Amino acid sequence: MAAVDSFYLLYREIARSCNCYMEALALVGAWYTARKSITVICDFYSLIRLHFIPRLGSRADLIKQYGRWAVVSGATDGIGKAYAEELASRGLNIILISRNEEKLQVVAKDIADTYKVETDIIVADFSSGREIYLPIREALKDKDVGILFLFAQYMPEWLWVWGANILNRSLRKEALSCTA
Ligand SMILES: NC(=O)c1ccc[n+]([C@@H]2O[C@H](COP(=O)([O-])OP(=O)(O)OC[C@H]3O[C@@H](n4cnc5c(N)ncnc54)[C@H](OP(=O)(O)O)[C@@H]3O)[C@@H](O)[C@H]2O)c1
C-alpha cells in the first residue's frame, strides 16, 4: 500500500512539474490546427470561386469583347490545341499556326466540324527568324483578330511584340504596353 501511495505521489509531482510543457504543447497544437483549418477554408473558397461560381453566371461574350477571330500558335498539340478547342466552343473562328501542314489541316477540320466555326491555318516555323512575320501578317490582314495565344514550343522574345501587332486596333495599344 505504501508503495502505491508513493507512486501516486511521484506521479502527481511529475505531472505538476510538466504542466507548463503540456500547456506549451497544447498551444503548438492549437496553432497548427488553426493554420491547417485556415488553409482548408481558403482552398475550399478557391474551389468554389474558380469552378462553381463561373458556372452560375452567363459566360462572357468573347466575340463582342475581342472580335471574331482568335489566333493560336502551337495549336496542333497540347495546351495550344486545348485552347483552340475551348475558344471554338465559345463561337470564335480560329487561325491555327504551327509547322506541320498535315497536322494543321486535321486539327482545323476537326475543330470546324465539331464546333461549327471557321478555321484557317498558317504554316510557320518560329525558329526560322523574323522573315515569317510578313507572310503571317499578310495572311491575317483582313481578319478581326482580338485574341492571340502563343503556345509554340519555340518562342523568341520578339514574338510578343510581333504578336501584339497582329491584334485589332482596339487591343493593340493595350497589348503593346503589356509587352514593353
Ligand atoms: N505542358 C506543360 O505542362 C507546360 C507547362 C508550362 C509551359 N509550357 C510551355 O507551353 C508551350 C506549349 O507546351 P505543350 O506541352 O502544349 O507543347 P506540345 O504539346 O509539344 O505542342 C507544341 C506545339 O507547338 C508547335 N511547335 C513546336 N515548335 C514550333 C515552332 N518552332 N514553330 C511553330 N510551331 C511550333 C507544335 O506543332 P508542330 O510540331 O506541328 O510545329 C505543337 O503544336 C511550350 O512553350 C511549353 O514550354 C508547357
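Placed above this text is the structure.
Residues numbered from 1 in each chain as written. Predicted model: local features only at pLDDT ≥ 70, side-chain atom pairs only at ≥ 80, totals over all residues. Heavy atoms only, no water.

**Student:** In this structure, what is going on with the pattern of salt bridges? I would like to understand it.
**Tutor:** When the charged atoms of two side chains lie near each other, side chains of opposite charge can form a pair. The final tally for this structure, using the stated rule, is four salt bridges. A salt bridge links Asp 113 to Lys 109, with the nearest nitrogen and oxygen atoms 2.7 Å apart. Taken together, the residues Asp 113 and Lys 109, both in helix H4 (residues 101–115) and four residues apart, mark about one turn of the helix. Judged by its relative accessible area of 39%, Asp 113 is partly exposed. Lys 109 gets classed as exposed once you look at its relative accessible area, which sits at 53%. Where Asp 120 meets Lys 143, a salt bridge forms, and the shortest distance between an N and an O atom there is 3.1 Å. Here Asp 120, found in strand S3 (residues 119–123), pairs with Lys 143, found in the loop between helix H5 (133–140) and strand S4 (145–150); they are 23 residues apart in sequence, far enough to count as distant. (Salt bridge = Lys/Arg side-chain N within 4 Å of Asp/Glu carboxyl O. Helix = DSSP H or I, 4+ residues; strand = E, 2+ residues; numbered from the N terminus. Buried < 20%, exposed > 50% of the residue type's maximum accessible area, 1.4 Å probe, protein only.)

**Student:** Please explain the packing of helix H3 (residues 78–89) against H4 as it appears in this structure.
**Tutor:** Between two packed helices, the angle of one axis relative to the other and the distance separating the axes together describe the packing. Where H3 meets H4, the axes come as close as 10 Å, and the angle between the chain directions of the two elements is 25°. As far as their axial angle goes, H4 and H3 are roughly parallel. Judged by the twist between their axes, the crossing of H3 over H4 is right-handed. Where H3 abuts H4, its residues Lys 81, Ala 84, Glu 85, Ala 88 and Ser 89 lie against Val 107, Ile 111 and Tyr 115. (Axes fitted to C-alpha atoms, helices over the stretch in contact; angles between N-to-C directions. Parallel < 35°, antiparallel > 145°, perpendicular 65-115°, else oblique. Left-handed = near helix turned anticlockwise from the far one by under 90°. Contact = heavy atoms within 4.5 Å.)

**Student:** I keep staring at the packing of aromatic side chains and nothing clicks. Help me out?
**Tutor:** The relation between two aromatic rings is expressed through the spacing of the ring centres and the mutual angle of the planes. Counted under the stated rule, the structure contains three aromatic pairs. A ring pair is formed by Tyr 83 and Phe 149, whose centres lie 4.6 Å apart and whose planes are at 50°; its orientation type is tilted. Of the two residues, Tyr 83 is situated in helix H3 and Phe 149 in strand S4; the sequence distance between them amounts to 66 residues. Look at Phe 149 and you get partly exposed, because its relative accessible area is 25%. Consider the rings of Tyr 83 and Phe 151, whose centres lie 4.9 Å apart with planes at 40°: the pair is tilted. Of the two residues, Tyr 83 is situated in helix H3 and Phe 151 in the loop between S4 and helix H6 (158–165); the sequence distance between them amounts to 68 residues. Judged by its relative accessible area of 37%, Tyr 83 falls in the partly exposed class. The partly exposed category is assigned to Phe 151, whose relative accessible area is 27%. Grouping aromatic residues by their ring pairs yields a cluster made of Tyr 83, Phe 149 and Phe 151. (Phe/Tyr/Trp six-rings, centres within 6.5 Å; stacked < 30°, edge-to-face > 60°.)

By themselves these figures say nothing about function.
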